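# Topology and contacts: notes
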Amino acid sequence: VCLSGAAGLPVEVQQEFQRITGGKLIEGYGLSESSPVATANPLRSGGRIGTVGVPISDTEVKIVDLETEEETLGPGEAGILCIHGPQVMKGYWGMPTETANALREHADGKVWLHTGDVAEMSEDGYFRLVDRKKEMILAAGGLNVYPRDIEERLYEHPSVLEAAAIGVPVDSNNQRAKVFVVLKDGASASEEEIIAWCREGLAKFKVPKFVEFRDELPKTMVGKILRRQLMEEEAEKETAGANA
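It should be emphasised that the depicted structure is a prediction, and the values quoted were computed from it without experimental measurement. (Residues numbered from 1 in each chain as written. Predicted model: local features only at pLDDT ≥ 70, side-chain atom pairs only at ≥ 80, totals over all residues. Heavy atoms only, no water.)

### Re the layout of surface pockets
In this structure, the second largest pocket encloses a volume near 180 Å³. Around the second largest pocket, the lining is made up of 13 residues, and of these Gly167, Val168, Pro169, Met231 and Glu234 lie nearest the centre. The set of elements that each furnish at least two residues to the lining of the second largest pocket consists of strand S12 (160-169) and helix H5 (227-243). Among the elements that take part in the lining of the second largest pocket, H5 stands out by supplying 5 residues, more than any other. (1 Å grid on protein atoms, 1.4 Å probe; cavity = no way out; pocket = protein on both sides within 12 Å on 5 of 7 lines; lining within 4 Å. Points joined across faces, edges and corners; volume = space filled by probe spheres on them. Helix = DSSP H or I, 4+ residues; strand = E, 2+ residues; numbered from the N terminus.)

Have a look at this one:
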């Protein structure tokens, strides 16, 4: 058994890993603020591909609405993932405002950690991560696009090694998706091919407008792709263009 964490595990990667090795690749979820585990797929059965499993012992997990983060949602509804358990932090040192935003007392009298991660729960209690609330792409018509949906489609392309999607402005109120793609050694693909591939497997409003090929993507020390850095780079380009 191998364990995966730190970033969302693409379904295509998990399936291919298990096909090649004959072993199980188990995905879990947590944060530094939850010391660091909150959910995991069962080790013996392997759990369910595409999910981060069920809450670990003595831990409660629920989904609340995106806007107010106060209403508890039912199965199949996407919202903010919240955690209550003995492993949840007491707060951020010397940061009372940030602590109050992250740790909130609910109507049940318990203090819950609001993670900022968008997720949904199945009828039988398995949780699936959708994306970070702060990294949602705000498309025309008030539609929310989750970068992970686009990235999952890109990972299905036979030439794609790594991929990341972010939102870039196309006018004052709306964004469109831009994808950053690293190709496998010896593979080739054009911008048009990548967009056509997404168009075949995604809703029209999720199809990226821009494609940038790179030799590598920015990552943390544990290999998590840094979408935030890509967003900052795009913001710097936009600022430079406006000042030119």
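So much for the structure itself; the text now carries on.
### Here we look at the packing of aromatic side chains
Within the structure shown, the criterion is met by 0 aromatic pairs. It is Lys62 that lies over the ring of Trp112; its NZ or CZ is 4.4 Å from the centre. (Phe/Tyr/Trp six-rings, centres within 6.5 Å; stacked < 30°, edge-to-face > 60°. Lys NZ or Arg CZ within 6 Å of the ring centre and 35° of its normal.)

### Let's talk about the pattern of salt bridges
All chains considered together, the criterion is met by 21 salt bridges. Residue Glu135 pairs with Arg227 through a salt bridge whose shortest N-O separation is 2.5 Å. With Glu135 in the loop between strand S9 (127-132) and strand S10 (137-139) and Arg227 in helix H5, the pair connects residues that are 92 residues apart, well separated along the chain. Using a relative accessible area of 11% as the deciding quantity, one classes Arg227 as buried. Glu152 serves as the salt-bridge partner of Arg148, at 3.3 Å between the closest nitrogen and oxygen. Linking Arg148 with Glu152, this pair stays in helix H3 (residues 147-155), spanning 4 residues, or about one helical turn. (Salt bridge = Lys/Arg side-chain N within 4 Å of Asp/Glu carboxyl O. Buried < 20%, exposed > 50% of the residue type's maximum accessible area, 1.4 Å probe, protein only.)

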